Amino acid sequence: MGTRRRNLFVLLFVLGLVGISALIIANKETKLGLDLQGGLELVYKGQPTGTTNEVSSEDIDASISIIEKRINELGVSEPEVARLGSDEITVSLPGVTDARRAEEQVGSTAQLFYYDWEPNLIGPQRAIGGRPGIQPPEGPLKASEKRWEEAGRNVNKEESKQLIFAGAYPTAYDAALLASEQEPVENCQDCSVARPRYYLFEKEEPHDLIAGPELAKKDLYVSPTGKKRPKDGIVVEVPAGTILVSEYPTNSEGQLDETAEPGWYALKDKPALSGNDITDPEQSYGPNNEPVVSFGFTDSGQQAFQEVTRAIAQRGQAQAIGPVSGEEAEALSGHFAVILDNEVKTRPIINFSENPDGIDGRTGAQISGGFKDLSEAQDLATTLQIGALPINLKLVSQTQVSATLGSEALDEGITAGLIGLALAVLFLVSYYRFLGLIASIALAAYGLIFFALIDLIPITLTLPGIAGLVLTIGVAADSNIVIFERIKEEVRAGRSMSSAIAAGYKHGISTIIDANVITLLTAFILFVLATAGVKGFAFTLGVGTIVSLLTAVVFTQALLGTMSRSRLLRSPNVLGAGGEGKQWRFDFMGASRWFFSVSGVILLIGGFALATKQLNFGIDFESGTRIKVALQQPTDEEEVRDVLEGAGIEGEEIQQVDDPNLGSNVFQIQSHQLEPGEVRKAEAVLVDEFGIVQDGFDSTSVGPTFGEQIANSAITALIFSMLVICGYVALRFEPKFAIPVLIAILHDILITAGVYSLTGKEVSSGTVAAFLTILGYSIYDTIIVFDRIRENVPRMPRAAFSQIVNRSMSEVLTRSLATSFTTLLGVLSLMVFGGPVLQDFAFAMLVGIASGTYSSIFIASPVLSAWKEREPGFIRRRLRIAEVEGGIVPAYADDIEMAKLGRDDETEAEAPQPVKEPAAEAATGAVATVERTEDSGNGSGKSASGNGDEEAAASASAERRERNAERRARRQARRKHGRR
Amino acid sequence: MALLVFFMMGLALWHFTVFIPDRFWQGIIGAFIGAVLGAVIFGWIIQEASGKSLGDTDLSTALIAIPGTAIGLAVVYAIGVRSEERAD
């Protein structure tokens, strides 16, 4: 295919893509993340249920599948359930505001068991409640009432009487003590839990329950969210074969009253059926139109159900003396208990007069009387339908984002992105003129294709994702800059427009590929290792980088190629390539020791700051709870604190913050990790006291295990990124090029750490992600310089390495500055127009770009130069140049002098080569370039040691000295007349 | 955090080795290794010996990295000088 035809094909292809992209964008909605549309994010940690000892990978997979089904039933659109690490699950529920209901629906284990109630009651409980309809014996009843009074419960209240007559204990502690006295059942196959469980109670009476049940004693002392629990509490072990359950009293309508205090029972763990024995649970209505959950049974379940209800009926029948009325039969009938996650959900009677032979399992059964409202019955039906989780899930992190804050963040992100794009276009057009226009068209195509991909894949667009998107605008523009600078160089060198364009792309492409591969590798590592929020950022960056290769390289090449012979491109001025252009003639290597000093001083200050001020880690790393709340009534920080302390929430930092979208009474509350219940309590007391504006409550809770995981993943990502970047540089260039890159990366990381320590800015997981990515991007500059060094080494076969580096730096400095500036425009736009989260990202990027650009120019290249200069070949070159230049190695290799040196080499080739040991190199410092050799007077140095033919060498040396003297004289004369 | 401080101080002080004659083993890279390892190892030993945890940092944490860096640099310099002499 000819070039013209290929260009046409590429243009049509890209234009087609742009058209399709526009259609996709118009017709498909963008999937927004929680931070942009509001919602709830829950992170659960899997723990064994008691029938197993560990959480397997299959358990997590099965749990994810069950949770997905449960969420679907919740009616949440576009939820995300994903594995996090080995034993954690993250659940994103966009638009969900009822955190309590979502938590219950998603994370409840839903272990459902059915018990024949009375025979499983133990000790005094059985004496009182074991014979329904029969007056309990006086002694146990009195003892029980006394126990209830001692526990501070009012025995005259109807709810208490109900529980006392059922045999319940007033506290979990009393029931647990009774349970702990039971004989353990070894290898219990029929039990709901085959292992002992532990409960932690307060040391002081009435020994309130602090934690439990747990399968390991140590788990009692740390809550799932990492909160420390008292070490001096009382631990009670409940052996296998016995379980501890609670039951709420029922109100006058027969519904469970969950506002009342429950009663507690120790039961023999002999369930008659389990959740696995039921089929088709669904919410329906009972005879009085109350919500119930009805279900059928499996074949084995039908039989078991019939048997157990028959046994209960027969027992009831045995209690009756002679014929009894319906009412008497009801009172004497035994109970069948439905227990979900250790809580009695319902305990209906099996009326022996109506069902003397038990209940036929084929007709199914129902759970009734225990539902506050319809939704609770629906939720239970759904939970039963989907089945029990194979593991227990403990909530370790919870983030609730209000929809108002989400849409506010989205608006800010879009504004920042558009302004960043406009600034980049403005710069490109003003600096590169026509080429800038081409780049702007490519950027527009890039924007459309990229956004269509976001909709199509679909990529959930998050705030970090928007930051990644803005960064990719910089990446796309950078690719153009690299090529355009090259084209301008070729045009100035006298090439025709079409050959300059061809040469520009040919030479620029390897640099672009190297730089983009490194960005891609970093994005990939972040995607694999980072936590959920950061994945969006990494994915966006990765996709954006690939698309930018298509639009910024392939598309612009075709566009320019098509126009290269047109009138438009006749004058170099159209490309901004008129005149000589900016010629840098700075001795980068010579000055590098001063730049090293600047870096050293900055790092020293950073080191002292880090030692004394440390880093301000956010709750992502340190764990804790952050609440942002917009109150209706005006108040101050002290009043908010008093209200929260009144609710038992202490130790918090409260700050009034400025957020015009939420009103003038916005407060940020930061505290140690609060349990989900405590967050709800905080919300409730704030509503009661001050009122909360619509969508004005936003909370994030992160437990220490989750924080630790984020920190570990950040460190792992950092180490992997460094290794991969160095490995790639070593492969593409040579191993020696990788070490300066590594040093430059470490330099960037530590300077950024120092800046964060000095400024006290918060370090969040997003900060780390932004910084890691910018690190990959910052290598861009280093790659540009190294690429030119690699190109110049064979072109300058007689120059010292420092001269090659100086030349390379001077050639690419404009490119480096232009690429950094373009990216900086996007980042500055984020800083000015983005919201708080985007500003955090932008700050990390700003520091990364500044430090990265500085280190690639003033650290990586001088280190490489200093190291390469120690190679014998470059030592020889250096000595030869110093000899010619009167002991001086000029900063830049003069072409004429190099040519003469070439002639010297030819002469030397006839004479034996002097051998120079590296150790004999004269040097005043590692990166010195303009220097005088120790014995410049005679020009021979230590290198002129005899090698067998001293006479020939001496003769050649004498000739060279003469020629050198002539050259020096000529150069001085030229300089005197103002010519170089 | 203390390890980070030691590393940072070692890296900071390494920057000033450009003013010392380049006789370090492996040149500027050898000096880098010496400075960083010296700072981290010496700092770690002192931190442990003084009974502080690696999470605790104060002004002394930064200061103890300085002799560590100097020792590391001196060792690498001595190795460099020795290998030069051997080569001669």
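Residues numbered from 1 in each chain as written. Chains lettered and ligands numbered in written order. Predicted model: local features only at pLDDT ≥ 70, side-chain atom pairs only at ≥ 80, totals over all residues.

Visitor: Looking at this model, I keep getting lost on the overall build of chain B. Mind explaining?
Guide: Along the backbone of chain B there are 3 helices and 0 strands. Scanning chain B from its N terminus toward the C terminus, one meets helices and strands in the order α-α-α. The 88 residues of chain B split such that 51% are buried. Once local pairs closer than 6 in sequence are excluded, the contacts in chain B between residues at least 24 apart make up 85%. (Helix = DSSP H or I, 4+ residues; strand = E, 2+ residues; numbered from the N terminus. Buried ≥ 20, exposed ≤ 12 C-beta atoms within 10 Å, placed from the backbone. Contact = placed C-beta atoms within 7 Å.)

Visitor: Help me out: how do you make sense of the overall build of chain A in this one?
Guide: Counting secondary structure elements, chain A contains 29 helices and 22 strands. Buried residues in chain A amount to 50% of all 980 residues. Taking the contacts inside chain A whose residues are at least 6 apart along the sequence as the reference set, 77% of them involve residues at least 24 apart.

Visitor: I'm lost on the sheet that holds strand β2 (residues 80–84) of chain A in this one. Help?
Guide: Two orientations exist for strands paired in a sheet by backbone hydrogen bonds: parallel and antiparallel. Residue and element names in this part refer to chain A. Ordered in space as β2-β3-β1-β16-β21-β18-β20-β19, the 8 strands form an open sheet in which the pairing is antiparallel. Taken across any chain shown, the strands that pair with only one partner, and hence form the sheet edges, are β2 and β19 (653–659). In this sheet, adjacent strand axes meet at a mean angle of 25 degrees when their direction is disregarded. Where strand β1 (residues 39–47) and strand β16 (residues 392–401) come together, 9 bridges link them in antiparallel fashion. By the bridge assignment for β16, Leu-40 is matched with Gln-400. Seen against the sheet, helix α20 (residues 637–646) touches β19 and β20 (663–671) and runs at an angle of roughly 130 degrees to β19. (Pairing = 2+ DSSP bridges. Axes fitted to C-alpha atoms, helices over the stretch in contact; angles between N-to-C directions.)

Visitor: What am I meant to see in the pairing of strand β18 (residues 624–631) of chain A here?
Guide: Every other side chain in a regular strand lies on the same face of the sheet, so the side chains alternate between the two faces. All names here are of chain A. Counting buried positions along β18 gives 7 out of 8 residues, so the element sits mostly inside the fold. Bridge count between β18 and strand β21 (residues 692–702): 7 bridges; the pairing is antiparallel. Paired with Val-629 across the two strands is Phe-697, which belongs to β21. One ladder, built from 6 bridges, connects β18 with β20; its direction is antiparallel. In the strand pairing of β20, Ile-627 is matched with Ile-669.

Visitor: It is not clear to me how the confidence of the model for chain B should be interpreted in this structure. Could you clarify?
Guide: Parts of the prediction with low pLDDT should not have their coordinates interpreted in detail. Residue and element names in this part refer to chain B. Summarising the model, chain B shows a mean pLDDT of 90, and 100% of its residues fall at 70 or more. Ranking the helices and strands of chain B by mean pLDDT puts helix α2 (residues 27–49) first, with 93, and helix α3 (residues 59–87) last, with 91. Scored as a complex, the prediction yields pTM 0.63 and ipTM 0.96. (pLDDT = per-residue confidence, 0-100.)

Visitor: Teacher, can you tell me more about the environment of A:Phe527 here?
Guide: Looking at the element boundaries, A:Phe527 is found in helix α16 (residues 497–529). It is 5.3 Å that separates the C-alpha atoms of A:Phe527 and A:Ala538, two residues lying 11 residues apart in sequence.

Visitor: Would you mind going over the packing of helix α18 (residues 588–613) of chain A against α3(B) with me for this structure?
Guide: Each pair of packed helices gets described by two things: the angle between the helix axes and the distance between those axes. With their axes 7 Å apart at the nearest point, α18(A) and α3(B) run at an angle of 140 degrees to one another. For the element pair α18(A) / α3(B), the angle class is oblique. Contact with α18(A), carried on its side by A:Gly607, A:Phe608, A:Ala611 and A:Thr612, involves B:Leu59, B:Thr61 and B:Ala62 of α3(B) and no other residues of that element. In terms of residue class, the contact of α18(A) with α3(B) is made up of 4 nonpolar, 3 polar and no charged. (Parallel < 35°, antiparallel > 145°, perpendicular 65-115°, else oblique. Nonpolar A, V, L, I, M, F, W, Y, C, P; charged D, E, K, R; others polar.)

Visitor: Where do I start with the sheet that holds strand β7 (residues 234–238) of chain A in this structure?
Guide: Residues and elements named next belong to chain A. Strand order across the open sheet formed by 3 strands is β6-β5-β7, with antiparallel pairing between neighbours. If you trace the sheet from one side to the other, it starts and ends with β6 (209–214) and β7, each paired once. Pairwise comparison of adjacent strand axes, ignoring direction, gives a mean angle of 15 degrees for this sheet. By the bridge criterion, 5 bridges tie strand β5 (residues 197–201) to β7 in an arrangement that is antiparallel. Across the sheet, residue Tyr-199 finds its bridge partner in β7, namely Val-236.

Visitor: What's the story with the interface of chain B and chain A in this structure? I'm lost.
Guide: Each side of the interface is counted separately: chain B has 28 residues, and chain A has 31 residues. Elements with a minimum of two residues in the side of chain B that touches chain A: α1 (2–14), α2 and α3 of chain B. Broken down by element, the side of chain B that touches chain A gets its largest block of residues, 7 residues, from α1(B). Across the side of chain B that touches chain A, the residue classes break down as 19 nonpolar, 5 polar and 4 charged.

Visitor: When you look at the pairing of strand β8 (residues 242–247) of chain A in this model, what are you seeing that I'm missing?
Guide: All names here are of chain A. Counted residue by residue, β8 has 5 buried out of 6 residues, so it is predominantly covered. Relative to strand β9 (residues 263–268), β8 runs antiparallel, the two sharing 6 bridges. Within β9, the position partnered with Ile-243 by the bridge is Leu-267.

Visitor: Explain the environment of A:Gln614 to me, please; I cannot follow it from the model alone.
Guide: Looking at the element boundaries, A:Gln614 is found in the loop between α18 and β17 (616–617). Measuring from C-alpha to C-alpha, the distance between A:Gln614 and A:Tyr756 comes to 9.0 Å, with 142 residues separating the pair along the chain.

Visitor: Honestly, helix α26 (residues 836–868) of chain A in this entry has me stumped. Any pointers?
Guide: In an α-helix there are 3.6 residues to a turn, and that puts residues three or four apart on one side. All names here are of chain A. Taking 1.5 Å per residue, 33 residues should reach 48 Å; α26 reaches 45 Å between its end C-alpha atoms and fits that length. The largest bend along α26 measures about 45 degrees and falls at Ser-855. By the criterion of burial, α26 is predominantly enclosed, with 30 of the 33 residues buried. (Expected span 1.5 Å × (residues − 1). Bend = angle between axes of the 7 residues up to and from the residue.)

Visitor: What should I look at first to understand the nonpolar core in this one?
Guide: Residues A:Leu443, B:Val5 and B:Met8 are the most contacted members of the largest nonpolar core, which totals 171 residues. Looking at which element gives the most residues to this core, the answer is α26(A), with 19 residues. Listed in part, the 64 residues of the second largest apolar core include A:Cys191, A:Val236, A:Leu267 and A:Leu380. (Core = buried A, V, L, I, M, F, W, Y, C linked by C-beta atoms within 7 Å.)

Visitor: Got a minute to help me understand helix α8 (residues 158–166) of chain A in this structure?
Guide: All names here are of chain A. Ser-160, Leu-163, Ile-164 and Ala-166 are the residues of α8 that are buried. In a view along the axis of α8, the buried residues occupy a sector of 165 degrees, so they form one face of it. Taken together, the buried residues of α8 touch α6 (124–129), α7 (138–150) and β9. (Arc of directions from axis to C-beta.)

Visitor: I would appreciate a short explanation of unusual backbone geometry in the present structure.
Guide: Trans is the prevailing form of peptide bonds, just as negative phi is the prevailing case for residues other than glycine. Residue and element names in this part refer to chain A. The backbone of Arg-433 sits at a positive phi, close to 50 degrees, despite the residue not being glycine. Within the secondary structure, Arg-433 sits in the loop between α13 (403–432) and α14 (434–456). Although it is not a glycine, Gln-614 sits at a positive phi angle of roughly 55 degrees.

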